[in-house]
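Breakdown of the fold
Listed below are the residues making up each chain.
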Amino acid sequence: MTTDTPTRRAAVIGLGSMGSGMAGSLLRAGFSVAACDVNPEAVARFAAAGGRGAANPAEAARDADVVVSVVVNAAQTEAVLFGENGAAAAMPEGAVFVSSATMDPAVARALAARLEATGRHYLDAPMSGGAARAADGGLTFLASGSAAAFAKARPALDAMAGTLYELGDAAGQGAAFKMINQLLAGVHIAAACEAMAFAAKQGLDLRRVYEVITKSAGNSWMFENRVPHILDADYSPKSAVDIFVKDLGIVQDMARAEKYPVPVAAAALQMFLMASGAGMGRDDDASVARLYAQVSGAKLPGTA
C-alpha cells in the first residue's frame, strides 16, 4: 500500500524582482504556491506561470504551511502580518512566517514575539544574492529562530537557498548579521562609484580600469557587480538607491543607540541621500557615480 505525499503549501507576499524568483523556486520544488502583490500585473504573471494569485496576504496565507514575506522594510512586514487582511490571523496554527525584509533587529524581535503569541512561528531570514540567484534558487539566507520555526520552514528554504546560515535560536540575530552585510555593501558601492568617477575625471579608459581593478587588491564583489552598470550607462534598478538610504539609515540608528561610531558608513549614507535627493532614488544604486560626475564634471558613459 502506498501513501501519497501531501502537497506542501506556501504563500509568497511580494512579487518584485526577488519575490517572483523565490516564488518560482518554490513552484519548481513542487510546492503549491499562492502569492499576492500590490501590482496586479505581477500577480497575473505568477498565475500564468502556474501559481495561484491572491488578493491580499490573508488570502495567500490561508492553509499555507510556510508564508514567505518579501517586502521592503519593517513597516511593510508589520502590515503584511497584522494590517487589514493581514496574514497572521489567516495562517494555520503551527505555520511559519519567513521574514526576508531587512530591518532593525529590535523590530524583528518584537514582530516575532507578537506572532508567536498566537501559536504561529516566526523565522527571521533576511537574504542576500540578488534577483538572478533568487530566480535559480541560489540565495543566501541569514536566518535565526526557534528549532520549530527552522523545521517548519526548511523545505521551503531548501528550495530557495543556495546557502543557509543558521545564526541563532531567536529572531533578531539574522537581522543583525544582515545589517553588518549591508554596512559593508553600501560602503563598497559608494567607494566603487567614487573611484570610477575619479578615474573618469583623470581621463582613464573606464573599461580598462574595470579590467585592472577586478584583478587587483582593490576589487570587491560590489565593484565587480555594479561597475558594469556604469560602463553600460544602464541605471535601471537592480537594487535602488533608496534601498541603501533605508539600510544605512538603520545602521546609523543601531549605532547611535549603542553609542558606537560608524563614520565610514555615515559618509556612504550621505552619498546615497544626495543621489536620492537629486531624483535618482528609484534608479540603480550605481547612480551614486552619476552624482559624483554631476558635482565634479567627470564624463561617464552615456553623459554628454
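Residues numbered from 1 in each chain as written. Predicted model: local features only at pLDDT ≥ 70, side-chain atom pairs only at ≥ 80, totals over all residues. Heavy atoms only, no water.

**Let's talk about the overall build of the chain**
Tallying secondary structure elements over the chain gives 13 helices and nine strands in all. Taking 19 Å as the expected radius of gyration for a compact globule of 304 residues, we find that the chain reaches 21 Å, a close match to that expectation. Expressed as a percentage of its 304 residues, the buried residues of the chain come to 49%. In the chain, 65% of the contacts between residues at least 6 apart in sequence involve partners at least 24 apart. Just so you have it, the chain exposes about 14000 Å², and 55% of that area is on carbon and sulfur atoms. Charge centroids of the chain, computed over 25 positive and 29 negative side chains, lie 3 Å from each other. (Helix = DSSP H or I, 4+ residues; strand = E, 2+ residues; numbered from the N terminus. Rg over C-alpha atoms; globule rule 2.2 N^0.38 Å. Buried < 20%, exposed > 50% of the residue type's maximum accessible area, 1.4 Å probe, protein only. Contact = heavy atoms within 4.5 Å. Areas by Shrake-Rupley, 256 points an atom, 1.4 Å probe, with all protein chains shown as cover. Lys, Arg positive; Asp, Glu negative; His and termini not counted. Charge placed at Lys NZ, Arg CZ, Asp CG, Glu CD.)

**Thoughts on the pairing of strand 9 (residues 161-166)**
In this structure, strand 8 (residues 139-143) lies alongside strand 9, joined through five bridges in parallel fashion. Paired with Phe141 across the bridge in strand 9 is Leu164. With helix 7 (residues 147-160) bridging strand 8 and its parallel neighbour strand 9, the resulting β-α-β unit is right-handed. (Pairing = 2+ DSSP bridges. Right-handed = clockwise from strand over helix to strand, strands pointing away.)

**Some thoughts on the packing of helix 8 (residues 173-201) against helix 13 (residues 288-296)**
Across the interface, helix 8 lies against helix 13 with an axial gap of 8 Å and an inter-helix angle of 40°. Considering their axes alone, helix 8 and helix 13 lie oblique with respect to each other. In this structure, helix 8 meets helix 13 at a crossing whose hand is right-handed. Residues Ala190, Cys193, Glu194, Ala197 and Lys201 of helix 8 form the contact with helix 13, whose participating residues are Val288, Ala289, Tyr292, Ala293 and Ser296. Residue composition of the contact of helix 8 with helix 13, by class: seven nonpolar, one polar and two charged. (Axes fitted to C-alpha atoms, helices over the stretch in contact; angles between N-to-C directions. Parallel < 35°, antiparallel > 145°, perpendicular 65-115°, else oblique. Left-handed = near helix turned anticlockwise from the far one by under 90°. Nonpolar A, V, L, I, M, F, W, Y, C, P; charged D, E, K, R; others polar.)

**Let's talk about the packing of helix 12 (residues 263-280) against helix 13**
Interaxial distance between helix 12 and helix 13 falls to 9 Å at its minimum, and their mutual angle equals 80°. Comparing the axis directions of helix 12 and helix 13 gives the class roughly perpendicular. Judged by residue contacts, Met271, Phe272, Met274, Ala275, Ala278 and Met280 of helix 12 engage Val288, Arg290, Leu291, Tyr292 and Gln294 from helix 13. Looking at the contact of helix 12 with helix 13, its residues break down into nine nonpolar, one polar and one charged.

**Details of helix 9 (residues 206-213)**
Of all the residues in helix 9, the buried ones are Leu206, Val209 and Tyr210. Buried residues along helix 9 cover an arc of 100° about the axis, so they all sit on one side. Summarising the contacts, the buried residues of helix 9 are in contact with helix 8 and helix 10 (221-231). Two to three positions downstream of the cap, the backbone nitrogen of Arg207 sits 3.1 Å from a side-chain oxygen, assigning the N-cap of helix 9 to Asp205. (Arc of directions from axis to C-beta. Polar contact = N/O pair within 3.5 Å; in protein donor to acceptor, adjacent residues only side chain to side chain.)

**Describing the confidence of the model for the chain**
With 97% of its residues at a pLDDT of 70 or more, the chain has an overall mean of 95. The low-confidence segment residues 1-5 (pLDDT under 50) makes zero contacts with residues lying over four places distant or belonging to another chain. (pLDDT = per-residue confidence, 0-100.)

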